[in-house]
Amino acid sequence: MSFGFPTLDDTRLELPDIQEAGPVHQSDEQASMSGRSVAKSSAKEFKIGRPILSEFDVKELEKGRVAYKTVVDLTKLPFCKLLMPSHYFPPAFKTHLENYVFMNQHRSRDNFSRLHANALPKEVMAKSPQAMKALVALDYLSDIRRLVGPLARLGNEFRAFYDQKTGEPYPETAVEDFCEMEERRYTARQINLLESKEYVNSPAAVEFANQQSLRIPKRKPGEDHPELKGSRQLQAFLREKLKAAGIEGPLCELLGFVPSKVANPRVRGSGFIDSHWSLNFLHGNETHLIQLVLLVEAGILDKDSLAYMVDHGLWGWVLDRIYVPACDGYSIIDPGSEDKQMARTLEGEKDDLDISLINLQGGEAALCANGPSFIHRFFLAGEFSQAIDCLSEDLDAEGRVELITQVLGMKPCDSDLLNKSLLRDVARNLTALESCITHKQLKSMDQIASFMGLQSSDALFKDLSDTYSFVGKDKAEPVIREKARRHLAKGRRVLGIKPGSTKAKVLDQHSDLSKYQSFVVYRD
C-alpha cells in the first residue's frame, strides 16, 4: 500500500466537483446510519448503542462476516490492522476504508479552500505558492499511516542526537514497560458540549460520540524510570531541525488560551509548544514541533510558508484541528456494483443489501495527524512501535517487504532475517519518541497533581472533557498562574494577558499574576 500525497504540480490540488454526503437525498434508513447527517434516528431500532467492536467482532470481520447494520469504529481496531488492512480483512473492506479516507481528505481540502477563499480573492489564492504549500501540508498530515516511516527516521536521529549530547545511549524502555493502558470514554459533560453544537443534530450522532474512547496511560506502581530524562534533548533536537530549515525565531510556550493577536506575531517564525499546565493532556508539549519537522523533512514547509499559515489563519486547519466524533461518520450513499459485492463479502446477506448500512466511524481520531490530539494519543499509548512489532510478527516474508517498502518507504534488505532486524530497529526508534514524550507528560502531571492537592495524577485523566476545554476558571487558572510563576523564578521572559484583552504585558517576579489568565513564555 502506498500513501502518496499531492505535490505543488499535482492536478489533485484542483478539487474535483464531488457532492458532499450531507446534501444527497437519503432514505430514512440510510440517513439513520450516517454519522454526519441524520434526519431520523432510533438507537434501539438501528442498534447504534453497540458500535464498539469486541474481540469477537474483530475476528468475525477478519473472516469476512460483519453483523447487519454494523458501525465499525476505527479507533477500536489495532493500528497495525489499519496500516495494512489487506493482510487482515477482506479486500472489499480495504476498498471501503480507503474510500472513507479519501472522502475525509476531500472534505478537508474543500473546506480549506472555502475557508481560504474568504480571506483572499480566488485569483490571488490560485497564484499563491504559499497557499498551495498549505494545502499540500494539510493533505500530507491527513493520513497518519504515511508518517510512520518519517517518524521512525526522526526517532533514529533523536537517539543519535541524545547520544552525542549526553554521551549515553537513549534508554530502550517502551511505554508498556512503565504504563498500563485504560480505556476512557467521553463523559456526560463532554456529550452535553457536543449536543450544543449545530452539527450534532440527532440522538444517533450523540450516541456515536458517547461510544468513542481513548487509551490513556497509567503509570505502573514503582515504575518511575528516572533514566527517561530526554525531554529537553528532544525539544533541542526538534528546534535544531527547524533552525536548519530557517525556522529559527524565538520559541514560545503558551499557557492558557492566548488570543491570536498576541500569539501570532510571536509564533509565526518558530511555531510553539503547549504546556501540560494548561490542563490539556491530549495535546502534548512538542506535538506541533513534531508536525512542523515532519513537514520540513517532506520538503513542504519553510519559514515563509509557516509565516503565511499563521498570518492567514490557516494554522488551526492544517495543524490544530479539534476532533468532533459525532461528525466523523461515513457510508456510501449510492452504492455501485463493486460496493454491493463488498457488502456480500462482508455480510453474506442477500444480493440487494445496501452497503450504505455499513458505517465507518472514528476516522479522524484513528488516521489523521492534522490535530495534536490525534497524533499525541499514538505516542501516549506506544501504538506506533507496537504496530510495527505486531506486523513483523504477523506477516510472512513477502508481507514484511511490502511493509518496509510501501508503508515505511524504506529499502528492504537482502534476506527476510535482515528485514526482521530492520523492523526491530524501526520499532526501537519509534519507542524512543514514545517513551520520552509519555514519561515527560506523566512527570508533569505528577507536579500538577501535587500543586492541586490530589493524591494521584490519575485523577487528571478522569474526565476526557477536560482535555478539550479547561476544567473551569476555579481550577485551571491557579494552575496556569503557578506555572507562570515558576517560569519567572527561573528568569524566563513571561508576558501576561488579562481577561478579554489582546495586549500582553511583560511581567516580573513581583507582578500580581492574579490579574492575568494566560501567558506567553519565551523558552530560548
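About the cut-offs
All residue numbers refer to position in the chain's written sequence, counted from 1. Residue-level local features of this predicted model are given only where pLDDT is at least 70; pairs of side-chain atoms are given and counted only at 80 or more, and the full residue set underlies all totals for whole chains, interfaces and linings. To obtain the side-chain values, all non-hydrogen atoms of the structure were used and water was disregarded. Comment: elements are numbered from the N terminus, with helices defined as DSSP H or I runs of at least four residues and strands as E runs of at least two. Only protein chains enter the area calculation, which uses a 1.4 Å probe; residues under 20% of their type maximum are buried, those over 50% are exposed, and those in between are partly exposed. Polar contacts, as counted here, are pairs of nitrogen or oxygen atoms within 3.5 Å of one another; within protein the pair requires one atom able to donate a hydrogen and one able to accept it, and residues that are adjacent in sequence qualify only if both atoms are side-chain atoms. By the convention used here, residues are in contact when the closest approach between their heavy atoms is within 4.5 Å. When we speak of the arc, we mean the arc of directions from the helix axis to the C-beta atoms. For this analysis, a ring pair means two rings from Phe, Tyr or Trp (six-membered ring only for Trp) whose centres lie within 6.5 Å, classed as stacked if their planes differ by under 30 degrees, edge-to-face if by over 60, and tilted for the remaining angles. The criterion is that NZ of a Lys, or CZ of an Arg, lies within 6 Å of the ring centre and within 35 degrees of the ring normal, and then a charge sits over that ring. The criterion for strand pairing is that DSSP finds at least two bridges linking the strands in question.

### Topic: the overall build of the protein chain
And then number 1: Along its length, the protein chain carries 23 helices and ten strands.
And then number 2: Counting all 524 residues of the protein chain, 56% fall into the buried class.

### Describing unusual backbone geometry
And then number 1: Despite not being glycine, Leu279 shows a phi value in the positive range, around 65°.
And then number 2: Note that Leu279 resides in the loop between strand 5 (272-274) and helix 14 (287-297).

### Description of the side chain of Glu482
And then number 1: Along the chain, the position of Glu482 falls in helix 23 (residues 473-489).
And then number 2: A polar side-chain atom of Glu482 sits 2.8 Å from a polar atom in the side chain of Arg486.
And then number 3: Every residue in contact with Glu482, bar those within four places of it in the chain, is listed here: Trp277 and Phe451.

### Focus: helix 13 (residues 260-267)
And then number 1: Among all positions in helix 13, only Val262, Ala263 and Val267 are buried. For helix 13, the arc enclosing every buried residue in end-on projection is 100°, short of the 170-degree limit, so these residues lie on one face. Residues of helix 13 that are exposed and point more than 90 degrees away from the buried face comprise Lys261 and Pro265.
And then number 2: Packed against the buried residues of helix 13 are strand 4 (252-255), strand 5, helix 15 (303-311), strand 8 (494-497), strand 9 (504-506) and strand 10 (518-522).

### Examining the packing of aromatic side chains
And then number 1: Here the structure, examined in full by the defined rule, presents twelve aromatic pairs.
And then number 2: Relative to Phe237, the ring of Phe161 lies with its centre 5.6 Å away and its plane at 55°, an arrangement referred to as tilted. Of the two residues, Phe161 is situated in helix 8 (residues 148-166) and Phe237 in helix 12 (residues 231-244); the sequence distance between them amounts to 76 residues. Both residues of the pair, Phe161 and Phe237, belong to the buried class.
And then number 3: An aromatic cluster is built from Phe158, Phe161, Tyr162, Tyr170 and Phe237, whose rings are joined through pairwise contacts.
And then number 4: For Arg377, the ring lying beneath its charged end belongs to Phe378, and the centroid distance is 4.5 Å.
And then number 5: Seen from the ring of Tyr522, Arg493 lies directly overhead, with NZ or CZ sitting 4.9 Å from the centre.

### Overview of the pairing of strand 8
And then number 1: Side chains Val494 and Gly496 of strand 8 all project onto a buried face; the interleaved residues Leu495 and Ile497 project onto the opposite face, where all are buried too.
And then number 2: Where strand 8 meets strand 10, four bridges bridge the pair, whose relative direction is antiparallel. Along strand 10, the bridge assignment pairs Gly496 with Phe519.

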